[in-house]
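# Examination of the molecular architecture
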Amino acid sequence: MILGPFLLIALTVGISYVSANSSSSSRQVAVISDSVVLRKSYLQQHNSGINTKITTTTKAKKAMKANHLAGYLTLDASGSQLHGDYHGSTAMDNGFKAQVQNFLMQYQQLKNYQTAKLTPKQQRALAQTPVLKQHISAKTGTSNLVKTLSFWVLITMIYIILITYSSIAAQEIASDKGTKIMEIIFSSTTATSYFIGKITGILLVIVTQIVIYICGGWLGYTIAMQNSGIKKLVLANQSLVKGVFHNLFNLNLLYVLLGVVIYTILAAYSGALVAKAEDASKAAQPVVMLSMAGFFIALPFQNNLDAVLVKILSYVPFFSSYFMPMRIINGTAGLGEQIGSLVILLAAIGLFALYIGRRYQRLMLQTDSKNIWQHLIHSHRRS
Amino acid sequence: MLSIQHISKEFGSVKALNDVSFDVPNGQIMGLIGQNGAGKSTTFHSILNFIDYGGSIQWQGHTLSASDFDHIGYLPEERSLMTKLTIEQQIIYLARLKGQPAKVIRPQIDDWLERFAVKGTRKSKINDLSKGNQQKVQLICTLIHQPDLLILDEPFSGLDPVNADLLKQAVLAARDRGAAIIFSSHDMEHVTALCDQLVMLRKGDVVLHGTLDDVRDQFGKTELFVTTDWTAEQLQTLSGVGSVTDRHNRRYVLHLTDANAGPAIFDTLTQGHYIEEFSQQPPTLDEIFRLKVGEDHV
């Protein structure tokens, strides 16, 4: 299970690599022209995605038929007007189209100047073009991108961690339900001690797995940085990468961990509420649903983090793990608010663990056909 | 001493225990008998605080609490172990829950495995053991920390006579070192062989309580074992004989309606001559059990 994500990533990278290599030739186009100068001029400016070996229409048609070529462009400069004809199985993409149009425009202009026999001064005068500039504050732009990226990375991470480990915790507890080994254990230690021990054990497993993923991620990052293209990309977006990492490895990480703790406790409670060990798979449902609710309520608020509901939910245990990190990323939660929310979350975890610990023995020793909600009600009554 | 005083327990409208009281002194074995659903396991669960109950349960003069867990050995009715563990891991895990360090328990394991003739080594997985051997490992887990209070729910079920004898020896050894022991069983032979006292429950009520002899004597010496040339029909005509059971080969049991009829029957059967067998006894525990259960169906 621990190696699963690594194997999945390795498989995806491998398949992408093979797919990219096998399909790259079929995405290329050929440039064909009777004018060697015109063709050479085009290839000097744009050589990416061009199959330079094909120089005739016949060869191009043959290559297209064999699915080795996406299309071919013929350039004709025999008259006073340049002609460009593209033949392909699909339309030219916008980037390629703009590239060809730009080239034809430049070349046509050069040809026009030659035909009109203009003086250099006249040529310069005609070459004047209007100027449109955009003035964007680089800091603000990057900052917004950092927030958006951090938001998505964080809530997706919280959601996946909670969904995965809630199920594991619930099933782990539910599998003990009604077994006689629980009677032996409860004749040896208190249910509260056992419950807290069990939760601590599950959490340590979770933390170990997360540490393995972080180490694996770091190793993957180091290997990826050996690739010049990726290194260039990362260096070009240094402030973005640093900003996202900063937003993940601060108080937000504590919220992720405490979120895992409170959801694990709830998952354990759900596990103890099922009718019998065989129903373990149903045990995680309430926790998964609550976690999904947190995730899907958070989504619409990504651009409206000042909403009252976001502020309220950033203090409500189970939801604060989603909403307070969102506010922290956005910079709309002061330190006092962050500490207040943390205190509420910690108190809720403590009280919740104590409350469930006291009912744990009764729940774990029950074996009847009551459903999860009937057990919930029954656990509050004296048996 | 374990002292149970006036405990009651209801599950909805069903009365599982009704004013049950008895004591189990240190160094004594108490047998708890009764039909299925009589309240035996509920009594054990009450002692172990698994359920809430009315009344009082005291251990060594105080209410039994978590601080006493280390001195209790409990064997539940259905066996259950952690099947992925090895024998050693399982024994040490449960012993550590009882406050015993692994370094104290580990050297004792081979001795206990030998004593119970477990087929497997300390490194054998629980899952690979036969049902009987798993049961013996569970018994070792119950006994290895030398508990002062032993609670055994149907400990003999599923054991063959040889292994049942091994368990009897272990229980008697625990009694001899001063442990208070309470166990339930449907096999009256084991109860007769082991118990200093017994309690019979019927639908949550105590219907019998005392030492084995006291309980049997309550019913009078109404069983007469004879070996004679008389036929069953002839024996049936004797005064004070309620019914006759043929034990084959001229051997009979006369079930008397009046225990005082014994001397007259002796005179009639012997006529002053030798008789191979004439023994007047109280009913066996098995017969008393059937009798008490039968009362319920009348």
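Residues numbered from 1 in each chain as written. Chains lettered and ligands numbered in written order. Predicted model: local features only at pLDDT ≥ 70, side-chain atom pairs only at ≥ 80, totals over all residues.

The name given to chain B in an unreviewed UniProt entry is ABC transporter ATP-binding protein, and the organism recorded there is Levilactobacillus fujinensis.

This part is about the overall build of chain B. Along chain B, the regular secondary structure elements total 11 helices and 14 strands. Seen through its C-alpha atoms, chain B measures out along the principal axes to roughly 70 × 45 × 30 Å. In chain B, which comprises 298 residues, the proportion classed as buried is 36%. For chain B, restricting intrachain contacts to residue pairs at least 6 apart in sequence, the fraction spanning at least 24 positions comes to 68%. (Helix = DSSP H or I, 4+ residues; strand = E, 2+ residues; numbered from the N terminus. Buried ≥ 20, exposed ≤ 12 C-beta atoms within 10 Å, placed from the backbone. Contact = placed C-beta atoms within 7 Å.)

Regarding its fold elements, chain A presents 17 helices and 3 strands. Of the contacts formed within chain A by residues at least 6 apart in sequence, a portion of 72% connects residues at least 24 apart.

Turning next to the UniProt feature "domain: ABC transporter" (unreviewed entry) in chain B. Here the UniProt feature "domain: ABC transporter" (unreviewed entry) sits at residues 2–228 of chain B. With 32% helix and 29% strand, residues 2–228 of chain B has end C-alpha atoms that lie 49 Å from one another. (UniProt positions renumbered as here; feature names shortened; annotations may be inferred.)

Below, the discussion takes up the sheet that holds strand β1 (residues 2–11) of chain B. Residues and elements named next belong to chain B. With antiparallel pairing, 4 strands are arranged side by side in an open sheet as β2-β1-β4-β5. Every interior strand has two partners, whereas the edge strands, β2 (14–24) and β5 (62–63), have only one. Sheet contacts for helix α1 (residues 40–47): β1, β2 and β4 (54–59); angle to β2, the most-contacted strand, approximately 65°. (Pairing = 2+ DSSP bridges. Axes fitted to C-alpha atoms, helices over the stretch in contact; angles between N-to-C directions.)

Attention shifts here to the interface of chain B and chain A. Each partner contributes residues to the interface: chain B has 17 residues there, and chain A has 15 residues. Considering only residue class, the side of chain B that touches chain A consists of 12 nonpolar, 1 polar and 4 charged. (Nonpolar A, V, L, I, M, F, W, Y, C, P; charged D, E, K, R; others polar.)

Okay, the domain arrangement of chain A next. Each assigned domain of chain A is listed with its residue range as follows: domain 1 (26–125) and domain 2 (145–378). Using only C-alpha atoms to locate each centre, domain 1 of chain A and domain 2 of chain A end up separated by 57 Å. (Domains from an automatic or database assignment.)

What follows concerns the sheet that holds strand β11 (residues 223–227) of chain B. The strands making up a sheet associate through backbone hydrogen bonding, with each pair oriented either parallel or antiparallel. All names here are of chain B. With antiparallel pairing, 4 strands are arranged side by side in an open sheet as β12-β13-β11-β14. With partners counted over all chains shown, the strands left at the sheet margins are β12 (241–246) and β14 (277–281), one partner each. Each strand of the sheet is rotated relative to its neighbour by a mean of 20°, with strand direction disregarded. Pairing of β11 with β14 involves 5 bridges; the strand directions are antiparallel.

Moving on, we come to the pairing of strand β10 (residues 205–211) of chain B. Residues and elements named next belong to chain B. Taken together, the 6 bridges between strand β9 (residues 197–202) and β10 define a ladder with antiparallel strand orientation. Opposite Leu198, over in β10, you have Gly210 as the bridge partner. The hairpin turn running from β9 into β10, its antiparallel successor, is 2 residues long, and Lys203 in that turn takes a positive phi close to 50°.

Assigned domains of chain B: these are domain 1 (2–211) and domain 2 (221–281). Between the C-alpha centres of domain 1 of chain B and domain 2 of chain B there is a distance of 42 Å.

The biggest cluster of nonpolar side chains holds 122 residues, and the ones touching the most others in it are Ile151(B) and Ile181(B). Sequence-distant contacts of Ile151(B), that is, excluding residues within four places in its chain, are made with Phe44(B), Ile47(B), Leu48(B), Ile72(B), Tyr74(B) and Ile182(B). With 18 residues, the next largest nonpolar core counts Ala30(A), Ala70(A), Leu73(A) and Tyr107(A) among its residues. (Core = buried A, V, L, I, M, F, W, Y, C linked by C-beta atoms within 7 Å.)

Bringing the confidence of the model for chain B into the picture now. In the predicted model, chain B carries a mean pLDDT of 90, and 99% of its residues have values of at least 70. Scored as a whole, the predicted complex attains pTM 0.70, and scored at its interfaces, ipTM 0.83. (pLDDT = per-residue confidence, 0-100.)

Let us look at the environment of Asn133(B). Residues and elements named next belong to chain B. Within the fold, Asn133 resides in helix α5 (residues 131–143). Taking the number of C-beta atoms within 10 Å as the measure of exposure, Asn133 has 20 and is therefore buried. Expressed as a C-alpha distance, the spacing of Asn133 and Leu172, which sit 39 residues apart in the sequence, is 21 Å. Setting aside residues up to four positions removed in sequence, Asn133 forms contacts with Val118, Lys119 and Gly120.

On to the environment of Tyr221(A), then. Residue and element names in this part refer to chain A. As for its position among the elements, Tyr221 is in helix α8 (residues 191–224). A count of 12 C-beta atoms within 10 Å places Tyr221 in the exposed class. The spatial distance from the C-alpha of Tyr221 to the C-alpha of Lys231 is 9.7 Å, given a sequence separation of 10 residues.

What follows deals with unusual backbone geometry. Of note, Asn67(A) is a non-glycine position whose phi angle comes to about 65°, a positive value. Within the secondary structure, Asn67(A) is located in the loop between α3 (57–65) and β2 (71–76). Overall, Asn67(A) belongs to the exposed group, with 11 C-beta atoms counted inside 10 Å. Of note in this structure, Ala117(B) is not a glycine but carries a positive phi near 50°. Mapping Ala117(B) onto the fold places it in the loop between α4 (109–115) and α5. Judged by the 12 C-beta atoms lying within 10 Å of it, Ala117(B) falls in the exposed class.

The subject of this paragraph is the packing of helix α2 (residues 87–97) of chain B against α5(B). Residue and element names in this part refer to chain B. Relative to each other, α2 and α5 sit at 30°, their axes nearing to 9 Å. Here α2 lies roughly parallel to α5, going by the angle between them. Judged by the twist between their axes, the crossing of α2 over α5 is right-handed. Side by side, α2 and α5 meet where Ile87, Gln90, Ile91 and Leu94 of the first sit next to Val137, Ile140 and Cys141 of the second. In terms of residue class, the contact of α2 with α5 is built from 6 nonpolar, 1 polar and no charged. (Parallel < 35°, antiparallel > 145°, perpendicular 65-115°, else oblique. Left-handed = near helix turned anticlockwise from the far one by under 90°.)

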